[in-house]
Amino acid sequence: MRTVFLLDKDWKFSVEKEKIHVKTHEASYASCKSGGCIGPASRSFDDSEWKRVDVPHDYLVETPFSPEASHSHGYKSGADFWYRKSFKMDKKYAGMHFLLCFEGISVFSEIYVNGSLVERSFSAYCEIPIDITDRIHFGDKPNIILVHVDAQSEEGWWYEGAGIYRHVRLYAKAPLHIAHNGLWVNPVLKKTTENDWLVNCEAAVENSEYTENNLEIKFTVFD
């Protein structure tokens, strides 16, 4: 029913040296189209000189301390930087539902997939699930994920770090599937016999094909 790909290895990393600005009519028109983002989000961008890293990754531990930086953040100064990753997807997974999930990015972030901005996050502490079913490529055509991190801002009054600080996973599911984090069991239990309990369970279901389906869900609650 579900395949999970762990995307923690072989990211490319670079500290942002300049902002990307669209300054002409032609560039503005082209960058607004699906897959038309410019700069590091572009499929043709050359990241060969970027540093190779694995995530989870915290950029701030690599930076020097500064007496001018925020004391509540460990006297570390924030920065703007990029993560970029390329991967291929086997054609056997065509027709499935794809969910890209960042489990934690600090602090603010913009996420691009194959040249399109697909999500923004304004919290370092929220999981970021993104439906990329209509963006993913199969076969020899690579998929490009780009993450822009704004670590100039602060959300907490403690050392938060900066970067993709938790795992990145890609879920491939059947079109008819249980939604991400879609299971819930009410912990209020009712004992009916010596060995049996009545427990309220709920499930959220998604149907990517929008076709009529009959579905039966069986819950098994383990001790």
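Look up a bit, the structure's there.
Residues numbered from 1 in each chain as written. Predicted model: local features only at pLDDT ≥ 70, side-chain atom pairs only at ≥ 80, totals over all residues. Heavy atoms only, no water.

Visitor: Can you lay out the overall build of the protein for me, pointing to particular residues and giving the numbers?
Guide: Within the protein, the secondary structure is distributed over one helix and 16 strands. For the protein, buried positions account for 39% of its 223 residues. Pairs at least 24 apart in sequence give 75% of the contacts found in the protein among residues at least 6 apart. For the protein, the accessible surface area stands at approximately 13700 Å², while carbon and sulfur atoms represent 51% of it. (Helix = DSSP H or I, 4+ residues; strand = E, 2+ residues; numbered from the N terminus. Buried < 20%, exposed > 50% of the residue type's maximum accessible area, 1.4 Å probe, protein only. Contact = heavy atoms within 4.5 Å. Areas by Shrake-Rupley, 256 points an atom, 1.4 Å probe, with all protein chains shown as cover.)

Visitor: Please set out the packing of aromatic side chains residue by residue, giving values where relevant.
Guide: Tallying each qualifying case throughout the model produces 13 aromatic pairs. With a centroid separation of 4.9 Å and 65° between ring planes, the pair formed by Trp157 and Trp158 is classed as edge-to-face. Trp157 gets classed as exposed once you look at its relative accessible area, which sits at 67%. Against the face of Phe65 rests Lys76, its NZ or CZ located 4.3 Å from the ring centre. (Phe/Tyr/Trp six-rings, centres within 6.5 Å; stacked < 30°, edge-to-face > 60°. Lys NZ or Arg CZ within 6 Å of the ring centre and 35° of its normal.)

Visitor: Describe the sheet that holds strand β1 (residues 2-6), and please don't skip the residues or the numbers.
Guide: Across the sheet, which stays open at both edges, the four strands sit in the order β1-β12-β5-β9 with antiparallel pairing between neighbours. With partners counted over all chains shown, the strands left at the sheet margins are β1 and β9 (128-131), one partner each. Neighbour-to-neighbour, the strand axes of the sheet open up by a mean angle of 20°, direction not taken into account. Note: strand β5 (residues 97-102) against strand β12 (residues 168-173), six bridges, orientation antiparallel. In the strand pairing of β12, Leu100 is matched with Leu170. (Pairing = 2+ DSSP bridges. Axes fitted to C-alpha atoms, helices over the stretch in contact; angles between N-to-C directions.)

Visitor: Which residues make up the side chain of Asn114, and what are the values?
Guide: Looking at where Asn114 falls in the secondary structure, it is placed in the loop between β7 (108-113) and β8 (116-121). Here Arg135 takes part through its backbone oxygen, which lies 2.7 Å from a polar atom of the side chain of Asn114. The contact partners of Asn114, leaving out residues within four places of it in the chain, are Gly35, Arg43, Arg135, Ile136, His137, Pro142, Asn143 and Ile144. (Polar contact = N/O pair within 3.5 Å; in protein donor to acceptor, adjacent residues only side chain to side chain.)

Visitor: Explain a nonpolar patch on the surface residue by residue, including any values.
Guide: Together, Ile178, Leu183, Val205, Leu215 and Ile217 line one region of the surface with nonpolar side chains, adding up to about 400 Å² of accessible area. Of note, Ile217 is situated in the segment after β16 (201-207). (Patch = residues over 30% accessible without salt bridge, like charges linked within 9 Å, V, L, I, M, F, W, Y side chains within 5 Å. Salt bridge = Lys/Arg side-chain N within 4 Å of Asp/Glu carboxyl O.)

Visitor: Can you break down the sheet that holds strand β10 (residues 143-150) residue by residue, with the values?
Guide: Here six strands make up an open sheet; going across it, the order is β3-β2-β4-β10-β7-β8 and the pairing antiparallel. Strands with a single pairing partner mark the edges of an open sheet, and in this sheet they are β3 (51-53) and β8. Geometrically, the sheet is characterised by an average inter-axis angle of 25° between neighbouring strands, direction not taken into account. Here strand β4 (residues 80-87) pairs with β10 via eight bridges, running antiparallel. Looking at β10, one finds that Phe87 is bridged to Asn143.

Visitor: Quick one: what's the story with the side chain of Lys12, residue by residue and with numbers?
Guide: When you line up the elements, Lys12 lands in strand β2 (residues 11-15). Judged by relative accessible area, Lys12 falls into the buried class, the value being 11%. Within the local environment of Lys12, its side chain forms a polar contact with the backbone oxygen of Asp47, the two atoms lying 2.8 Å apart. For Lys12, the residues in contact, after removing those within four places along its chain, are Asp47, Ser48, Trp50, Lys51, Arg52, Trp82, Tyr83 and Arg84.

Visitor: Any chance you could break down unusual backbone geometry for me, citing the residues and the numbers?
Guide: Across the chain, the bulk of peptide bonds are trans and the bulk of non-glycine residues have phi less than zero. A cis amide bond links Val55 to the next residue, Pro56, at an omega of 10°. Assignment of secondary structure puts Pro56 in the loop between β3 and β4. A positive phi angle, near 60°, is found at Tyr75, a position not held by glycine. You can call Tyr75 partly exposed: its relative accessible area is 39%.

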